[in-house]
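Given next are the chains, with one letter for each unit.
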Amino acid sequence: MSPMIRNPLLFAVMAAMLAAVGFGQSWQVALTILNLCLISAVMALGLNMQWGYAGLFNVGVMGFAAVGGLATVLVTKAPVVDAWAAGGWRLGISFVLLLATAAVVVVVRRWLGPGPIRSLVTAALVIAGYFLIRVFFDPATEAIEAVNSAKTGYLGGLGLPVLLSWIVGGVLAAGVAWFIGKVALGLRSDYFAIATLGISEIVIAILKNEDWLARGVKNVTGLKRPVPYEINLQADAWFADFAAWFGASVIEASSIFVKLCYAALFLAVLLIVVALSERALKSPWGRMMRAIRDNEDAAEAMGKDVKRRHLQIFIIGSAVIGIAGAMLVTLDGQFTPGTYQPLRFTFLIWIMVIIGGSGNNWGSVLGGFLVWFVWIEAEPAGLWLMDVITSGFDDASPLRAHLLNAAPHMRLVIMGVILLLVMRFSPRGLIPEVMRR
Amino acid sequence: MTDFLDAIVLLTNYVLVPGVAYGSQLALGALGVTLIYGILRFANFAHGDMMAFGTMVVILITWWFQSIGFSIAPLPVALVALPIGIAAAIVMSLGTDRLVYRFYRRRRSPSVIYILTSIGVMFVMNGIVRFIIGPDDQRFSDGARFIIKAREFKQATGLHEGLAIKLSQGITVLVTLIVVVALFRFLHKSRTGKAMRAYSDNEDLALLSGVSPERVVFVAWVIAAALAAIAGTLYGLDKSFKPFTYFQLLLPIFASAIVGGIGNPLGAVVGGFIIAFSEMTITYAYKKFLRYLLPDSWAPDSLVQFLTTDYKFAISFIILVVVLLVRPTGIFRGRT
């Protein structure tokens, strides 16, 4: 089958599967899955740029998604004036000191030649700067966290519209990526993988423990929404008519309407990202990226600045992941650092890209949809399977209870097996990269 | 003088003893990672879950022993169950090698492909462990709790600070010592061990000299799986067993292997202790320690803690990144 027929067919099958959930389970469930599919697809596109175009083994997707999520808090929440008054200036001083320390280290390192003395002086300066910063930083955070700690206890945000936070999420993630890329991009691919995995864990640790920033594990709830609230819709007369026209109850219709609004927003972002990446991939820039990926030395010999290009694509891909992270937090309406787990936020995205077909944007979109769909639907399917398997057992049997209880964990096994099968029998994925000459 | 002794005992109790135990556990884990890296040439992301799998089998057998009233008090009965856990882990790792990795080995795939497949294996093993034993915390140690109790130590020495050594810590150190000595003897004295080191140093030359690659790989998996099961069980006895924690242990284990020089067994052991002691010394609050040593007027008010314990994982990674940037081959000149 030619790709011209095959690829739309794959998407049609995907749509049919979502529709089947709509008819079989409920449209609420189908739309919930669809929304997360859209977000996953954006995230997978971001990773695909890094891995598929440029061959960067980024295992820190979770960190960038979380940084994007943080942006939603920092942009939309109202500023906590008391907290700023209590600790703002000290925090400002510690921030200035941080920059000063960095500057001093850079200058001194330029001044001293390479050698053990330089390393020792650098270490001494970093430690001294660290303690100096803590003199201001510790009382500042303590004061901020003491301000109405049950409700706020953090600096709050800027009180701006939530859609802006998607852009800011991308920018923040790009900033973090610049820093990480500067440090880690020179490493060999497997070291780079381990380093990014570790840095993403550090990002999550910071978000969990720096309560002054976004309340840590106490979570920030009640974030602004870019779409109407169900309650307001239900009160509107025109909406009641609208629901009646569909023959649905007002409550159900309002919930579906809200989900559709989200879906429209996410779809818009997805289409923009796909359109831009398709253009980029077809351009001379995309050709250069693939050339670098396929043979770094040859590309370098042709005068391409490999390091610079790697940093560039790493930043762009991370920005896209950050946007997706902000979208996810917007959809949830809350920022919960405790829920970021590498299996779900890093490795699952990897599976999406590999199964979809690394290097192909449409493949990543399909992978995002398909993998998220399976990830969610594996749970009821596993439960149903266990129910069938254990139907001969006594109802009180502890084994039956355990199996039913543990069935959701089967989805990890299913994902792993799918990944291994695809890698073995169809290593280029469902929609393989188009070989352009 | 007693102040000084108290300070030493305090540090021993909270940093040295737990550090030695944790370092031993990391060293065993890092040995497995470094061995697979040396022979199969990839960073095995599934190693943490292999540890969890072996430990899970040990726990299930332990529970069965406990239910039939079998015990070897004062030692934990898990030690008797350990060989079965090791056997299960070996079967598992040889099975994955046969089903997954062998295919790529024959095609001589690049190492990123191996890493990606090991992520797939990680998912499968993680799922199996959670499916069988669940995602929750499990405790399975029995027998005596302490070798030295803090109160008895205080009475015996008359110091203010107590020193407690848990039995699990003693067992950890003893078992690690035995395993490491046996492993190094094997690698340096036996024919197979020498073949493995030759294969790790220069694959083509080893093949020319008649080393059988399949056999070397087979032995590497057997040893790595056994080390994983032992490390996991010791960690579980010392702290507790939770699948997610074991997955997270992957980070300090990788750090240990790389800091020591990946592919180098001695480096893995040293790296394990470096990482463990860095974590311990940087997250320890020195307030009380300094109170004993300094005159009263100098005594600090703050906790004198470099970083809170929440950033434990961050420390191993900062060390890792610094080592990668400053000396990418690690302390003991591993592979680059």
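Definitions and cut-offs
Residues numbered from 1 in each chain as written. Chains lettered and ligands numbered in written order. Predicted model: local features only at pLDDT ≥ 70, side-chain atom pairs only at ≥ 80, totals over all residues. Heavy atoms only, no water. Helix = DSSP H or I, 4+ residues; strand = E, 2+ residues; numbered from the N terminus. Contact = heavy atoms within 4.5 Å. Lys, Arg positive; Asp, Glu negative; His and termini not counted. Charge placed at Lys NZ, Arg CZ, Asp CG, Glu CD. Buried < 20%, exposed > 50% of the residue type's maximum accessible area, 1.4 Å probe, protein only. Domains from an automatic or database assignment. Buried area = accessible area lost by both parts, 1.4 Å probe. Salt bridge = Lys/Arg side-chain N within 4 Å of Asp/Glu carboxyl O. Polar contact = N/O pair within 3.5 Å; in protein donor to acceptor, adjacent residues only side chain to side chain. Nonpolar A, V, L, I, M, F, W, Y, C, P; charged D, E, K, R; others polar. Disulfide = S-S within 2.5 Å. Patch = residues over 30% accessible without salt bridge, like charges linked within 9 Å, V, L, I, M, F, W, Y side chains within 5 Å. Areas by Shrake-Rupley, 256 points an atom, 1.4 Å probe, with all protein chains shown as cover. Core = buried A, V, L, I, M, F, W, Y, C linked by side-chain atoms within 4.5 Å. Expected span 1.5 Å × (residues − 1). Axes fitted to C-alpha atoms, helices over the stretch in contact; angles between N-to-C directions. Parallel < 35°, antiparallel > 145°, perpendicular 65-115°, else oblique. Left-handed = near helix turned anticlockwise from the far one by under 90°.

Digging into the overall build of chain B
A tally of regular secondary structure across chain B gives 13 helices and two strands. Taken along its principal axes, the extent of the C-alpha atoms in chain B is 70 × 55 × 35 Å. Considering only contacts within chain B whose residues lie at least 6 apart along the sequence, 76% involve residues at least 24 apart. When the 29 positive and 18 negative side-chain charges of chain B are each reduced to one mean point, those points stand 10 Å apart.

Regarding the environment of Gln305(B)
Residue and element names in this part refer to chain B. With respect to the helices, strands and loops of the structure, Gln305 is situated in the loop between helix H12 (287-293) and helix H13 (312-326). We classify Gln305 as buried; its relative accessible area is 14%. The spatial distance from the C-alpha of Gln305 to the C-alpha of Tyr284 is 5.9 Å, given a sequence separation of 21 residues.

Some details on the domain arrangement of chain A
Residue and element names in this part refer to chain A. Assigned domains within chain A: domain 1 (3-79 + 156-425) and domain 2 (80-155). With centres defined by C-alpha atoms, the gap from domain 1 to domain 2 works out at 33 Å. Contacts between domain 1 and domain 2 engage 14 residues on the former and 15 residues on the latter. Interface of domain 1 and domain 2: buried area, both sides summed, is about 970 Å²; carbon and sulfur atoms make up 55% of it. By the criterion of area lost to domain 2, the three top residues of domain 1 are Gly156, Trp212 and Arg215, representing 61% of everything that side buries. Summed over the shared surface of domain 1 and domain 2, the result is zero salt bridges. Our count for the contact surface shared by domain 1 and domain 2 stands at six residue pairs in polar contact (both at pLDDT 80 or more). By residue number, the principal contributor to the side of domain 1 that touches domain 2 is helix H8 (residues 211-214), which donates four residues. Its residues placed into classes, the side of domain 1 that touches domain 2 shows seven nonpolar, two polar and five charged.

So, the state of the cysteines
Residue and element names in this part refer to chain A. Enumeration according to the criterion identifies zero disulfides over all chains in this entry. Looking at Cys37, it has no disulfide partner, and the nearest cysteine sulfur is the one in Cys261, 19 Å off. What makes Cys37 buried here is its relative accessible area of 0%.

What to know about a negative patch on the surface
Residues and elements named next belong to chain A. On the surface, a cluster of negative charge is contributed by Glu296, Asp297, Glu300 and Asp305. The topology assignment puts Asp305 in the loop between helix H13 (296-301) and helix H14 (306-332). Of the residues examined, Asp305 reaches a relative accessible area of 40% and is grouped as partly exposed.

Overview of the nonpolar core
The tendency in soluble globular proteins is for nonpolar side chains to be buried as a group. In terms of nonpolar packing, the biggest core is built from 229 residues, with Phe347(A), Phe45(B) and Phe123(B) touching the most fellow members. At 17 residues, the largest contribution of residues to this core is made by helix H9 (residues 213-238) of chain B. Per-domain counts for this core show at least three residues from each of domain 1 (3-79 + 156-425) and domain 2 (80-155) of chain A. Other than its neighbours up to four places away in sequence, Phe45(B) contacts Val59(A), Ala193(A), Ile194(A), Leu197(A), Phe347(A), Ile115(B), Ser118(B), Ile119(B), Met122(B), Leu250(B) and Phe254(B).

Topic: a nonpolar patch on the surface
Residue and element names in this part refer to chain A. A cluster of nonpolar side chains, contributed by Leu158, Leu160, Leu164, Ile167 and Val171, occupies part of the molecular surface with about 460 Å² of accessible area. Looking at the secondary structure, you find Leu164 in helix H6 (residues 162-184). In this structure Leu164 comes out as partly exposed when scored by relative accessible area, which is 36%.

Some thoughts on the interface of chain A and chain B
The interface of chain A with chain B comprises 48 residues on the first partner and 46 residues on the second. At the boundary of chain A with chain B, total buried surface from both sides reaches about 4200 Å², with 77% on carbon and sulfur atoms. Broken down residue by residue, the surface that chain A buries against chain B is led by Tyr191(A), Ile194(A) and Arg424(A), which jointly contribute 16%. Inspection of the chain A/chain B interface yields 10 residue pairs in polar contact (both at pLDDT 80 or more). Mapped onto the side of chain A that touches chain B, the elements with two or more residues apiece are helix H5 (116-146), helix H7 (189-209), helix H15 (342-356), helix H16 (361-389), helix H17 (398-406) and helix H18 (410-425) of chain A. Per-element accounting of the side of chain A that touches chain B gives the leading share, 13 residues, to H7(A). The class makeup of the residues in the side of chain A that touches chain B is 35 nonpolar, seven polar and six charged.

Section: helix H11 (residues 265-283) of chain B
Because each turn of an α-helix spans 3.6 residues, side chains separated by three or four positions in sequence point in the same direction. Residues and elements named next belong to chain B. The terminal C-alpha atoms of H11, which comprises 19 residues, lie 27 Å apart, in line with the 27 Å expected from a rise of 1.5 Å per residue. Turning to H11, its buried residues number three or more, namely Pro265, Gly267, Ala268, Val269, Gly271, Gly272, Ile275, Ala276, Ser278, Glu279, Met280 and Thr283. Looking at the buried side of H11, the elements it contacts are helix H1 (2-40), helix H6 (167-189), helix H10 (243-260) and H13. Measuring from the side-chain oxygen of the N-cap residue of H11 to the backbone nitrogen of Leu266 gives 3.0 Å; that N-cap residue is Asn264.

So, the pattern of salt bridges
Residue and element names in this part refer to chain A. Here the structure, examined in full by the defined rule, presents 16 salt bridges over all chains. For Arg225, the salt bridge is made with Glu230, and the minimal N-O distance between the two is 3.3 Å. Relative accessible area serves as the criterion here: at 23%, Glu230 is assigned to the partly exposed category. Close ionic contact of Arg411 with Glu379 constitutes a salt bridge, the shortest N to O distance being 3.3 Å. Taken together, the residues span a long stretch of sequence, with Arg411 in helix H18 and Glu379 in helix H16 at a distance of 32 residues. A cluster of three or more residues bridged by salt bridges with shared partners is formed by Arg293, Asp294 and Glu433.

A short note on the packing of helix H2 (residues 27-53) of chain A against H16(A)
Residue and element names in this part refer to chain A. At a closest axis distance of 7 Å, the pairing of H2 and H16 adopts a crossing angle of 135 degrees. On the basis of their axis angle, the class for H2 and H16 is oblique. Here H2 runs over H16; the crossing is right-handed. Together, Val29, Ile33, Leu34, Leu36, Cys37, Leu38, Ser40, Ala41, Ala44, Leu45, Asn48 and Tyr53 of H2 and Asn361, Ser364, Val365, Gly368, Phe369, Trp372, Phe373, Ile376 and Glu377 of H16 make up the contact between the two elements. When its residues are assigned to classes, the contact of H2 with H16 shows 15 nonpolar, five polar and one charged.

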